[in-house]
Amino acid sequence: MSPNLIDVVIPSKTNESNWAMVAQTISSLRLSEPFVDFNVILVESGEDFQCGQNNTIRFDQERFSYNRALNLGIREGMSDWVVMANNDLFFHSGWFMKIMSAWCDHPEIGSFSPWNDHGNWHPNLFPDNQSKILIGERVCRELAGWCIVAKRELLETIDLDERCSLWFSDNIYADEIIKHRYNHALITDSKVDHLTSQTIDFSKYDTLADQEIYLKGKK
């Protein structure tokens, strides 16, 4: 196994209308770090499209669970670091090595997210920020659930519970790293854009049901 091999787990429900988006996500990932060997594991509950992935895991459950898809992909890989990513991202040059640089300076941190400029998401949340590293576990703030880079030993310690469909999956992750006393950080010079998703039909998706399930299972 290459010492630069990094597993990237991408849950997806690929179809004719969004396969180009998925392909762009994977293409931008590979172009962003020419000296990093990304092992892209697509956990697929849609159709079989070749989008540039190394491996496809079929995920045919009737009830989708984002964390279950992540767990399937995590178990498939072997690298010391795992990228857990949405299928609607654009990776900018050097994003991953900037996270690794931050980790070298702060080895006590085992979980990271990159900064999202799309729609001014993070600039609006941190308008006066001058720091390259923001430590915290607030979901959609420091902990950007659409892209998390974590040490495998952390993922093997926490319980990435599969009870929620989509929303609040990142809340479960946040609860677990707090419980096990892992630090998380947002790296502000690591840039990954979170684009508009075409995977979930929000007219049919009950966010309140997931909220109730999350809160009922919270320990």
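Just above, that's the structure.
Not measured: the values here are computed from a predicted model.

### As for the packing of aromatic side chains
The full count for this structure, using the stated rule, is 10 aromatic pairs. Ring plane angle 15° and centroid distance 6.5 Å describe the contact between F38 and W95, whose orientation is recorded as stacked. In this pair, F38 sits in strand β2 (residues 37-44) while W95 sits in helix α3 (residues 95-105), placing the two residues 57 residues apart along the sequence. Each member of the pair, F38 as well as W95, carries the same accessibility label: buried. Seen from their ring centres, W81 and W103 are 5.1 Å apart, and the 75° between their planes marks the pair as edge-to-face. Of this pair, W81 sits in strand β4 (residues 81-85) while W103 sits in helix α3, and the two are 22 residues apart along the sequence. Note on W81: relative accessible area 8%, which makes it buried. Here the aromatic cluster, defined as three or more aromatic residues joined through ring pairs, consists of F38, F91, W95 and F96.

### Thoughts on the environment of A20
With respect to the helices, strands and loops of the structure, A20 is situated in helix α1 (residues 19-32). Separated by 29 residues in sequence, A20 and F49 place their C-alpha atoms 9.9 Å apart.

### Examining unusual backbone geometry
Within the chain, F168 stands out as a residue other than glycine whose phi angle is a positive 75°. At R181, a position not held by glycine, the phi torsion is positive, near 65°. Looking at the element boundaries, R181 is found in the loop between α6 (169-179) and β9 (183-194).

What counts and how
- Residues numbered from 1 in each chain as written.
- Predicted model: local features only at pLDDT ≥ 70, side-chain atom pairs only at ≥ 80, totals over all residues.
- Heavy atoms only, no water.
- Phe/Tyr/Trp six-rings, centres within 6.5 Å; stacked < 30°, edge-to-face > 60°.
- Helix = DSSP H or I, 4+ residues; strand = E, 2+ residues; numbered from the N terminus.
- Buried < 20%, exposed > 50% of the residue type's maximum accessible area, 1.4 Å probe, protein only.

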